[in-house]
Amino acid sequence: MPSDVPLATTATSLVQLNERSREIFRHIVESYLATGEPVGSRNLSRLLPMTLSPASVRNVMQDLEQLGLIYAPHTSAGRLPTEFGLRFFVDALMQVGDLPETERRSIEAQVAATGRSFETVLTEASTMLSGLTRAAGVVLSTKANARLKHIEFVRLEPSRALVVLVAEDGQVENRLVDLPIGLPGSALVEASNFLNHHIAGRTLVEAKAALETTLAASRAELDQLTRRIVEAGLASWSGGDGDERRLIVRGHAHLLEDLKALEDLERVRQLFDELETQRGLVDLLGRAESADGVRIFIGSENKLFSLSGSSTIIAPYQDAAGRIVGVIGVIGPTRLNYARIVPMVDYTARLVGRLLGG
């Protein structure tokens, strides 16, 4: 899809678009979002609320093309919106309403079942968004923001132990640590008690800071071997595997639906490759963590999807203290139904935040 835009004249010209031009442009975009097909002047003249001949419509389409809003595919006399045109439509012309009550109830019924763990809530939310939007649902969460509940050392052999960490939201993770030679069992119990006293209710980042301060002031409280176990347990969690992000992608198969041509198949294949490159997707989703509300990235606006020309609609979600702890949304072709999906993603992000905030 062409992305060359006459930037010097664009801002002024778009403001000056008259009602007729905006109506024609709106119909071109809405036709593309509904069918993926180019629309010609003859069909447009039948769809418009005002009476215009196909020749008059063609004149307006030429103006819109000069502004970089639409273009003509080489196989058709009709027109499609450019990525810049889609951005203009989303920012200036799209009308986003409230999510219907039936869809709110449907989302809550699927995601908000009682007794679910943090991981299950996020997976269900991603799966639900994928099903409702016919796109791929994505969630990015930050492990470090989970509130801690309990830590325990389990000796596996004389020189090794398993560190088990339980979070308030039900997450359980394990790490292996090396034990000092000759460590008595009582030291493991003492280390667990010391850590549990200082980590409960804190995030990993908060617990690490508090423990480092406390350890410096409590040399007399802990004997040398116990202190080494406390430090080993702390290091295993603050360092861990170096991946403090968790990425969930659901609904890849939806991206294979309704393919129109060989180039569509190539676009989706490229998107699959990009989704496999999780680091790039994590970085993209991370850009929404400082945002207030829904963010929309269209096509080459983000480097990750510049080749496949895909769109992303994402929103951050918060914990009980109002801190942004992750991002949720969908990835799909540029002809996503933006007006319908934006409130859906927004509501789901708020619901997930409420559930995780408990």
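Up top you'll find the structure we're talking about.
All values derive from a computational prediction rather than experimental measurement. (Residues numbered from 1 in each chain as written. Predicted model: local features only at pLDDT ≥ 70, side-chain atom pairs only at ≥ 80, totals over all residues. Heavy atoms only, no water.)

### Focus: the overall build of the protein
Helix and strand counts for the protein stand at 13 helices and 10 strands. Intrachain contacts of the protein at a sequence separation of at least 6 include 63% that bridge at least 24 residues. When the accessible surface of the protein is split by element, carbon and sulfur atoms take 50% of a total near 17,300 Å². (Helix = DSSP H or I, 4+ residues; strand = E, 2+ residues; numbered from the N terminus. Contact = heavy atoms within 4.5 Å. Areas by Shrake-Rupley, 256 points an atom, 1.4 Å probe, with all protein chains shown as cover.)

### Describing a nonpolar patch on the surface
Taken together, the side chains of Val154, Leu156 and Leu176 present a nonpolar region at the surface, about 250 Å² in accessible area. Structurally, Leu156 can be placed in strand β4 (residues 148-157). (Patch = residues over 30% accessible without salt bridge, like charges linked within 9 Å, V, L, I, M, F, W, Y side chains within 5 Å. Salt bridge = Lys/Arg side-chain N within 4 Å of Asp/Glu carboxyl O.)

### A look at the packing of helix α6 (residues 101-111) against helix α7 (residues 118-133)
Where α6 contacts α7, the two axes come as close as 9 Å, and the packing angle between them is 145°. Relative to α7, α6 is oriented so that their crossing is right-handed. In contact with Ile107, Gln110 and Val111 of α6, α7 contributes Val121, Glu124, Ala125, Thr127, Met128 and Leu132. When its residues are assigned to classes, the contact of α6 with α7 shows six nonpolar, two polar and one charged. (Axes fitted to C-alpha atoms, helices over the stretch in contact; angles between N-to-C directions. Left-handed = near helix turned anticlockwise from the far one by under 90°. Nonpolar A, V, L, I, M, F, W, Y, C, P; charged D, E, K, R; others polar.)

### Here's the deal with unusual backbone geometry
One can expect most non-glycine residues to show negative phi and most peptide bonds to be in trans. Phi at Arg134 is positive, roughly 55°, even though this residue is not glycine. Its place among the elements puts Arg134 in the loop between α7 and β3 (136-142). Residue Arg134 is classed as partly exposed on the basis of its relative accessible area, which comes to 44%. (Buried < 20%, exposed > 50% of the residue type's maximum accessible area, 1.4 Å probe, protein only.)

Distances and angles like these do not, on their own, reveal function.
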